[in-house]
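Coordinate inspection notes
Each chain is listed here by its residues.
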Amino acid sequence: MLSPSPVSLLCALLLCLPLAVIFTISTPSSPSTTSTGGVTTIPNITTTNKTTVNPPPTVPPNSETHNSKPNKAITVPPPPSLEEDNDDSLFQLAARVNPNPPVTPNKKLAFMFLTAIPLPLAPLWELFFNNTPKTLYNIYIHADPTFHYDPPFTGVFARRVVPSKPTRRFSPTLISAARRLISHALLHDASNYMFALLSPSCIPLHSFNFTYKTLVRSNKSFIEILKNEAGAYDRWAARGADVMLPEVPLDSFRIGSQFFILTRRHARTVVTDRRLWSKFRLPCVDRSTCYPEEHYFATLLSTVDPRGCVPATLTHVDWRGRHDGHPRTYGAAEADPGLIVALRRARPRYGDDGTNGSDVSVTKRRDTFLFARKFSADSVGPLLGIANDVIFKD
């Protein structure tokens, strides 16, 4: 057998060296693993007693979250949460209830509060409901679970929170929250006749007795329905040009206050709808014109049953001179008898699109406001001071 020459040994060594380098790079030492509850956990790799944390990913300037202009980002909300699908069974159950008015002599009002904060004006509402038979009303609260409620809901509001989900502006989540409230109110009590959506900054402008008699006498919903509003096209196209078609043509698109009072029949219409909701649940691409909660309900009821609606809200709000998406807030210094009287005397704005043009009863109506917003938390003291002598004195 021939012995290898020095030259052949050198060639073999040179051939094996790259393989050794590749093997060394591709097989790092693995950290030890632990198993807890069937889940394998890899501990953090540390250097000089500091945990290594991966930096957040960087979005390139030409990403879809930016426009062509540098340093001006467009915030695009995420697609509708899959959690909304969990509401389908709730809506399906609520859609099966009897839409006809209750035959009981004690028709009930459903007061539905949509909030993400404790109810700062709760003491005033406690007086409003004080000494009122429970056979005449129900209270329901949708409370965003991502917020801490301290103090918690007490008194007439105790144990009135329905299963709730997070809400945020410029998204369809506020519509979803209102639909949840309506669904629970429909399923909870067949005696619920009228369904009033309220905010935590709302106050009553009259006594419960006055409010109750006003609403149970009505067989129509009170919901603002406006067509010829400035910026209507931009709001309609907030999800993209023609995205709302064919379900919601521009000519059918309406704008109105987020806060309304619905009959039982219309409450059931809201939870039954799938067609228009399939469009309004889509995320907006233009946040500056994205107010779906001000569009969905007005458009739906204007499409389905305009004659069954008084096209006005009975919740007073002052938008004069406001351009930031928030109405005027009344503070403690303004909460006096003169303000309450002025809010009562104001005439609601009725729909101007001609939907009810031949309905003389609408053009000549002068309904009184039953509620008003927005009132600051520090206004509760002055409001309590004039509650019995002014607010609840009819």
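Position labels on residues start from 1 in each chain and follow its written sequence. Reporting of local features is limited, given that this is a predicted model, to residues whose pLDDT is at least 70; pairs of side-chain atoms are given and counted only at 80 or more, and all residues count toward the totals for whole chains, interfaces and linings. Side-chain calculation: all heavy atoms of the structure are included, whereas hydrogens and water are not.

The chain appears in an unreviewed UniProt entry as Core-2/I-branching beta-1,6-N-acetylglucosaminyltransferase family protein from Escallonia rubra. Under Subcellular location (unreviewed entry), UniProt gives the following word-for-word description of the chain: "Membrane". UniProt positions are given in the numbering used here, feature names are shortened, and annotations may be inferred rather than shown by experiment.

1. A short note on the nonpolar core
The biggest cluster of nonpolar side chains holds 53 residues, and the ones touching the most others in it are Phe 111, Trp 125 and Phe 157. Two residues qualify as a contact provided that any one of their heavy atoms is within 4.5 Å of a heavy atom in the partner residue. When residues no more than four places from it in sequence are discounted, the contact partners of Phe 111 are Trp 125, Phe 128, Phe 129, Tyr 137, Asn 138, Ile 139, Tyr 140, Ala 196, Leu 198, Phe 208 and Phe 371. Put simply, buried Ala, Val, Leu, Ile, Met, Phe, Trp, Tyr and Cys residues joined by side-chain atoms within 4.5 Å make one nonpolar core. Accessibility here uses a 1.4 Å probe with only protein chains present; expressed as a share of the type maximum, an area under 20% marks a residue as buried, one over 50% as exposed, and anything in between as partly exposed. The next biggest cluster of nonpolar side chains, apart from the first, holds 41 residues, and it includes Leu 174, Phe 195, Phe 260 and Phe 297.

2. Here we look at the state of the cysteines
Pairs of cysteine sulfur atoms within 2.5 Å are what we label disulfides. Scanning the model with the defined rule gives one disulfide in all. Residue Cys 284 pairs covalently with Cys 290 via a disulfide, S to S 2.2 Å. Because the sign of the S-S torsion sets the handedness, a value of about 70° for the bond joining Cys 284 and Cys 290 places this disulfide among the right-handed ones.

3. Comments concerning the pairing of strand β7 (residues 192-198)
One face of the sheet, then the other: side chains in a regular strand alternate in exactly this way. With seven of its seven residues buried, β7 lies for the most part within the structure. Bridge count for β7 against strand β10 (residues 261-263) is three bridges, and the pairing is antiparallel. Looking at the pairing, Met 194 lines up with Thr 263 of β10. Helix and strand assignments come from DSSP, with helices taken as H or I runs of at least 4 residues and strands as E runs of at least 2, each series counted from the N terminus. Any two strands between which DSSP finds at least two bridges are classified as paired.

4. What about unusual backbone geometry?
Cis geometry is found at the peptide bond from Asp 150 to Pro 151, where omega equals 10°. Assignment of secondary structure puts Pro 151 in the loop between β6 (137-143) and α4 (173-188). Following Arg 373, the chain continues into Lys 374 via a peptide bond in cis, with omega recorded as 0°. Structurally, the position occupied by Lys 374 is in the loop between β13 (371-372) and α12 (380-385). A positive phi angle is found at Asn 131, which is not glycine, with a value near 65°. Taking relative accessible area as the criterion, Asn 131 reaches 74% and is therefore assigned exposed. Positive phi outside glycine occurs at Phe 170, with the angle close to 60°. Within the element layout of this structure, Phe 170 appears in the loop between β6 and α4. According to the relative accessible area criterion, Phe 170 is buried, its value standing at 17%.

5. As for the sheet that holds β13
The mixed open sheet is built from three strands, whose spatial order is β8-β13-β12. Each edge of the open sheet is held by one strand with a lone partner, namely β8 (203-204) and β12 (315-316). Here β8 pairs with β13 via two bridges, running antiparallel. For Pro 204, the partnering residue across the bridge sits in β13 and is Phe 371.

6. Considering α4
By this rule, a helix spans an expected 1.5 Å times one less than how many residues it contains. Its 16 residues give α4 an end-to-end C-alpha distance of 22 Å, which sits within 8% of 22 Å, the value for a rise of 1.5 Å per residue. Of all 16 residues in α4, 14 are buried, a share of seventy percent or more.

7. Things to note about the side chain of Gln 258
Here Gln 258 lies in the loop between α6 (232-236) and β10. What makes Gln 258 buried here is its relative accessible area of 16%. Ignoring sequence-local partners within four residues, the contact set of Gln 258 consists of Leu 114, Leu 174, Leu 197, Glu 293 and Glu 294.

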